[in-house]
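Spelled out, the chains give:
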Amino acid sequence: MDTKSKHLPPRWPDRFLEFYCNPDRLEQIQGDAHELFYLDLEEKGLRYAKFRFLIHVFSFFRWGNIRRTKTTYQSFNQGAMLKNYFKIGWRNLVKQKGTTFISVFGLACAVGCCMVAYLFIAQIWFKGMLQPNKNEIYQLTYTAEGENGLVTYGAVAEPISEFIPEELSHVKKHTRVSREFPILIQNNESYRGRSLFVDPAFMDMFVYRMEYGYPGALREPNQVILTKGLSEKLFGDTHPIGQELSLVVNGQEKLYKVGGVLADLKDMDMFNFDLLVNIETHPSSSANLSLKDAWESELWTFVQLEKGTNPSVLNSGLAVLKKQQNQINPEKPYQKLEVVAYTDLVYKIGEIENGVRDFLGLAPQILLGAIGLFILILAIFNYINISVLMASRRLKEIGVRKVIGSRKSQLVFQFLSENLMVCFFAILLGCLFAGFIFLPGFNDIASKNLKIDLLNDRYVWMFLGGMLLFTTLVSGLYPAIYVSSFKPISILKGNQKIGSKSFFTSVLLTFQFTLAIISIVAGVAFVQTNYINANRDWGYDSGDKIFVNVPSVEDYLPLKNKLSVLASVNEISGSQDYIGSWIREDELVYEEETYEIMLLNAEATYPDVMDLKLKEGRMFNPELISDTQESVIVNQTFLDQLGLEFPVRKKIELDSSSYTVVGVVEDFHTVFFQNGIEPMVIRASQDTTFNYLTLKMSAGTAASSIEAVKKIWHETVPKGLFTGGLQTEVFNREKKDVQGVSTIILFSAILAVILAALGLFGLVSLNMGSRIKDFCVRKVFGAAMGDLSIKVAKRYLIIWGIASVLGTGISIVLISAFLNSFFAFHAGVGVIPVGLGLLILLLVIAVTVSTQIWKIVKANPAAILKAE
């Protein structure tokens, strides 16, 4: 019998060969394998032949014989193609240096602005996310019955911390955290400091970089750890370790030594503080309280679980602690005692009362995000316009590639890969802009400490990666699809024209100009408002006046008497609140109607000391008992809102007592210009209610006398916090905030104008380059330069006109609403902001177009046409 028909090669190795072998080679390889099988069968027998067949099958398993999918095959080709794409892209970028600079610079500015906006927003939403132990840390919270239902609180009874080691298993460390604002006294100066009273384990759970000292300094109860900023404020250039400072908490003063100084805190840190203090040294420490009072005391409590521990293992222990709490403090029973992950605390701001974070500040986030997006849109519009026009110089390349078989997807991919390179360089340059220019300026304006931490902040990398992908696709997808859609026959016949008068290009340019006008109008309107408010009459004379705080009733007369003897003090008067600070609100009854008013209780001489401007009637006479007990002075707004005229015939009622209006003063600003003037009543009162003293100094002596005033104050109130100052500086913080917003908006306006100018310059340059021969022919035939100039500028003037209409309308609506939300007194969006906006943009267009017209003037038609 024929052995070939009696025995066949083993089935499974044969199937395996068919599985992996390249179909083009299968017949030949399988034939060879079968032939070898039958040779071995005849010579060595069946068992040996089967074994050798298996060996042969595996020996044929080589790279050249393996079946490869189309994708695998293409991936190698695509790798080479990708390399080729980037090589071509790089050559094009180098060849077109001017337009490449415009594209990269514009996108880099946008990336820098977006980076600042991102860091500002991230430091709010990613608080504490850089802590190495963040995934093991949890905060204890409890839920109790509130007035409107169940409420979850972030602070738990202080003694619960003592039971954590025995009741909660798998807890590695735990710490209590109590916020305080004690008075810091050092070298006869007093400050208010943001302090955290914590257990020493706090420094083990939360990791901070030390500038001086060591993290374990809190284990010594008389030592504190300062931030670098506070250390420099207190000790300047002196080495801080071992320096002494006093803390006054609840009226008790305690002396500490500096045991450590932290490096600059990042804005990404969860806790905001100036110094850390051992909680056992707190005057209200639970060790000094009765058991019941200790359970009434609540503070934040954090636990750190062993790595990999599920927080559900704490449930039974928490139930025991809840039971203990409810037995000891039945007046406030816990419904639930649970833990919240440290990483979730920021996202639960609205759910946890008295939590670690309680404020998100959405308005500044929206403003910065809008500015970043605004600049990004401008830069992307620039890039799209220039990319479309740049393609006009590569029409032949596109046509040839299509003729030799390039698919549309390959051309799209090529243009996107080139765009990826532009965006990559823009991201790099944008990070440099943000790190060295934008962030330092913004930190100074906003009093922030934002930094680009590329080594430790993985969210920054995610943002940059997302930014690269977003800008690559958004800015490059349309030009890539548009250019790759051309017909090769039209290109090679020279019939394909793009860009020069593209409707889409005109639309994008109109949007750019519109956005530029809006930003200029906003910047000018803010600057104008700041200028007007800076010169606005406050309604009183704030010069030559010093105000000082009075910590307690007992300090009032000693302070007043000692300050009165200063040679430079002309007059001194007390008040419950002071102009420039919060003034209490009250209700007034007039003819059985109740009105909301601002009530300023003050000494009878206070209106004269503050130089309020008397409009009608008279000021208080301190010698008349009726004036000091039954009379008030009101402002003009009071009369206007109540519909009264002076003299007011009937008496008004305040706190169930009747008063006569003896005088009317002109309206004066008690708060900054964000708020309007409210109806004000000034009532002469007893000095037992006064919290402030106002000193009217000799002309020109207020600034030079402040140190002498402060010295007397500290001698009189050794443990108090001096919060006085010059009356002219009471609104410095508000002025700085407004100036900061104004600077940011003005910077955005300048950047928008620069981007619009660069984009316009790129467009005009490319258009001019493609039409230079046309203009030269016109010159040869005698065309006047004026006609040629009009021909060049006509299109951009039309676009400017459309953008002016759109920009003016949007500015009046949008910027006016923004100003109304920011200021009670502002200049509005009038002729000056709008006129300057239109004029600046027109000048930019004129200068940009003129530079290109000058090229026509200087062009030699003979040389250009001869070259053609």
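None of these values were measured; they are calculated from a predicted model. Residue indices follow the written sequence of each chain, beginning from 1 at its first position. Note on the predicted model: pLDDT of at least 70 is required for a residue's local features to be given, and 80 or more for side-chain atom pairs to be given and counted; whole-chain, interface and lining totals, by contrast, use all residues. Side-chain metrics in this entry use all non-hydrogen atoms of the structure; hydrogen atoms and water are not considered.

**Considerations on the overall build of the chain**
Looking only at helices and strands, one finds 26 helices and 26 strands in the chain. Each radius of gyration is computed over the set of C-alpha atoms, and the globule rule expresses the reference value as 2.2 Å times the number of residues to the power 0.38. What you see for the chain is a C-alpha radius of gyration of 39 Å, clearly larger than the 29 Å of a compact globule of 868 residues, by over 25%. Along the first, second and third principal axes, the C-alpha set of the chain runs to 135 × 95 × 60 Å. Only protein chains enter the accessibility calculation, which uses a 1.4 Å probe; a residue is then buried when its area is under 20% of its type maximum, exposed when over 50%, and partly exposed in between. Across the 868 residues in the chain, those meeting the buried criterion constitute 51%. Accessibility throughout is a Shrake-Rupley quantity obtained with a 1.4 Å probe, and a residue counts as covered only by protein chains that appear here. A total accessible area of about 42,100 Å² is found for the chain, and carbon and sulfur atoms account for 57% of it. Lys and Arg are tallied as positive, Asp and Glu as negative. Neither His nor the chain termini are counted. For the purpose of locating charges, the reference atoms are NZ of Lys, CZ of Arg, CG of Asp and CD of Glu. Once the 84 positive and 84 negative side-chain charges of the chain are each reduced to a mean point, those two points are 20 Å apart. Strands are runs of DSSP state E lasting at least 2 residues, helices are runs of H or I lasting at least 4, and numbering of each runs from the N terminus.

**Topic: the confidence of the model for the chain**
Do not read the fine detail of predicted coordinates wherever pLDDT is low. Put simply, the chain has an average pLDDT of 85, and 94% of its residues get 70 or more. Element-level mean pLDDT values for the chain span from 59 in helix α1 (residues 3-6) up to 95 in strand β25 (residues 692-697). Predictor confidence is given residue by residue as pLDDT, running from a minimum of 0 to a maximum of 100.

**Looking at the nonpolar core**
One finds M115, F202, M203, F206, Y208, F271 and F302 to be the most contacted residues of the largest nonpolar core, which totals 83 residues. No other element matches the 16 residues that helix α6 (residues 97-125) contributes to this core. Throughout this description, the term nonpolar core refers to a set of buried Ala, Val, Leu, Ile, Met, Phe, Trp, Tyr and Cys residues connected via side-chain atoms within 4.5 Å. Core analysis: the second largest hydrophobic core is formed by 64 residues, A525, L612, V741 and V764 among them.

**What about the pattern of salt bridges?**
Whenever a carboxyl oxygen of Asp or Glu lies within 4 Å of a side-chain nitrogen of Lys or Arg, that contact is scored as a salt bridge. The tally for this structure, following the rule as stated, stands at 18 salt bridges. Residues E158 and R176 are paired through a salt bridge, measuring 3.1 Å at the closest nitrogen-oxygen approach. One end of the pair, E158, is in the loop between β3 (156-157) and α7 (160-167); the other, R176, is in strand β4 (residues 171-180), and 18 residues separate them in sequence. On the basis of relative accessibility, which here comes to 3%, the residue E158 falls in the buried class. The salt bridge involving D204 is made with K173; its shortest N-O contact spans 3.9 Å. Taken together, the positions of D204 in helix α8 (residues 202-205) and K173 in strand β4 put the pair 31 residues apart, joining distant regions of the chain.

**Some points on the packing of aromatic side chains**
Two descriptors summarise a pair of aromatic rings, namely the distance from one centre to the other and the angle between the planes of the rings. Aromatic pairs are defined between Phe, Tyr and Trp rings, using the six-membered ring for Trp, whenever the two ring centres lie within 6.5 Å; interplanar angles under 30 degrees are classed as stacked, those over 60 as edge-to-face, and all others as tilted. Taken as a whole and judged by the stated rule, the model has 42 aromatic pairs. Seen from their ring centres, F37 and Y38 are 5.1 Å apart, and the 75° between their planes marks the pair as edge-to-face. Across the pair, exposure class does not vary: F37 and Y38 are buried alike. Considering the side-chain rings of F206 and F271, the 5.3 Å spacing of their centres and the 85° angle between planes classify their relative orientation as edge-to-face. Of this pair, F206 sits in the loop between α8 and β8 (210-213) while F271 is found in the loop between β11 (252-262) and β12 (275-278), placing the two residues 65 residues apart along the sequence. Ring-pair connections join several aromatic residues into one group, and the members of that group are F202, F206, Y208, F271, F273, W300, F302 and Y342.

**What about the side chain of H174?**
By secondary structure assignment, the location of H174 is in strand β4. In the analysis that follows, any N or O atom pair within 3.5 Å is treated as a polar contact, provided that within protein one partner can donate a hydrogen and the other can accept it, and provided that, for residues neighboring in sequence, both atoms belong to side chains. Of the polar contacts made by the side chain of H174, one reaches the backbone oxygen of S161; its length is 3.3 Å. Every residue pair with non-hydrogen atoms within 4.5 Å of one another is taken to be in contact. If we skip the residues at most four places from it in the chain, H174 touches S161, I164, P165, A201, M205, F302 and V303.

**Side note on the environment of L8**
Positionally, L8 belongs in the loop between α1 and α2 (11-20). The exposed category is assigned to L8, whose relative accessible area is 59%. Each residue touching L8, except ones within four places of it in the same chain, is listed here: F37 and Y38.

**Brief notes about the side chain of S475**
One can find S475 in helix α15 (residues 458-484). Residue S475 is classed as buried on the basis of its relative accessible area, which comes to 0%. At 3.2 Å, the side chain of S475 and the side chain of N419 are in polar contact. A polar side-chain atom of S475 sits 2.3 Å from the main-chain carbonyl oxygen of T471.

**As for a negative patch on the surface**
Taken together, E211, E232, D237 and D264 make up a surface patch of like negative charges. Its place among the elements puts E211 in strand β8. Two joining distances apply to patches: 9 Å for like charges and 5 Å for nonpolar side chains (Val, Leu, Ile, Met, Phe, Trp, Tyr), and every residue must have over 30% relative accessible area and no salt bridge.

**Things to note about a nonpolar patch on the surface**
A cluster of nonpolar side chains, namely L469, F470, L473, V474, L477 and I481, defines an oily patch on the protein surface of about 490 Å² accessible area. The topology assignment puts L473 in helix α15. Residue L473 is classed as partly exposed on the basis of its relative accessible area, which comes to 37%.

**What to know about unusual backbone geometry**
For the peptide bond that leads from F646 to P647, omega is 0°, which places it in the cis range. With respect to the helices and strands, P647 occurs in the loop between α21 (636-642) and β22 (652-654). If you check the backbone angles, H170 has positive phi at about 65° while not being a glycine. Backbone geometry places N354, a non-glycine residue, at a positive phi of 55°. Note on placement: N354 falls in the loop between β15 (352-353) and α12 (362-390).

**Focus on the packing of α12 against α15**
Here, axes are lines fitted to C-alpha atoms. For helices the fit covers the stretch in contact, and angles between N-to-C directions go from 0 to 180 degrees. Relative to each other, α12 and α15 sit at 35°, their axes nearing to 9 Å. You can see that α12 and α15 cross each other, and the crossing is right-handed. Of the residues in α15, those in contact with L376, I380, Y383, I384, S387 and V388 of α12 are M467, F470, T471, V474, S475, Y478, P479 and Y482. Residue classes follow a fixed rule: Ala, Val, Leu, Ile, Met, Phe, Trp, Tyr, Cys and Pro count as nonpolar, while Asp, Glu, Lys and Arg count as charged, and any other residue, Gly among them, counts as polar. A class-by-class count of the residues in the contact of α12 with α15 yields 11 nonpolar, 3 polar and no charged. Crossing handedness follows the turn of the near helix against the far one: under a right angle anticlockwise gives a left-handed crossing, and clockwise gives a right-handed one.

**Overview of the packing of helix α13 (residues 395-403) against helix α14 (residues 408-446)**
At a minimum axis distance of 11 Å, the contact between α13 and α14 shows a crossing angle of 140°. Between α13 and α14 lies a crossing whose hand is right-handed. On α14, the residues that touch E397, I398, R401 and K402 of α13 are L411, Q414 and F415.

**Some remarks on α14**
Each helix should span, by expectation, one fewer than its residue count multiplied by 1.5 Å. Under the 1.5 Å per step criterion, the end-to-end length of α14 is only 49 Å for 39 residues, more than 12% shorter than the ideal 57 Å. Bend, at a single residue, is the angle you get between axes fitted to the 7 residues ending at that residue and the 7 residues starting at it. Maximum bend of α14: about 45°, positioned at A434. S447 occupies a position one or two residues after α14 and carries a positive phi of about 55°.

**A look at α15**
Its 27 residues place the ends of α15 37 Å apart at the C-alpha level, agreeing with the 39 Å of an ideal helix rising 1.5 Å per residue. N-cap assignment for α15: the residue whose side-chain oxygen lies 3.0 Å from the backbone N of Y459 is D457.

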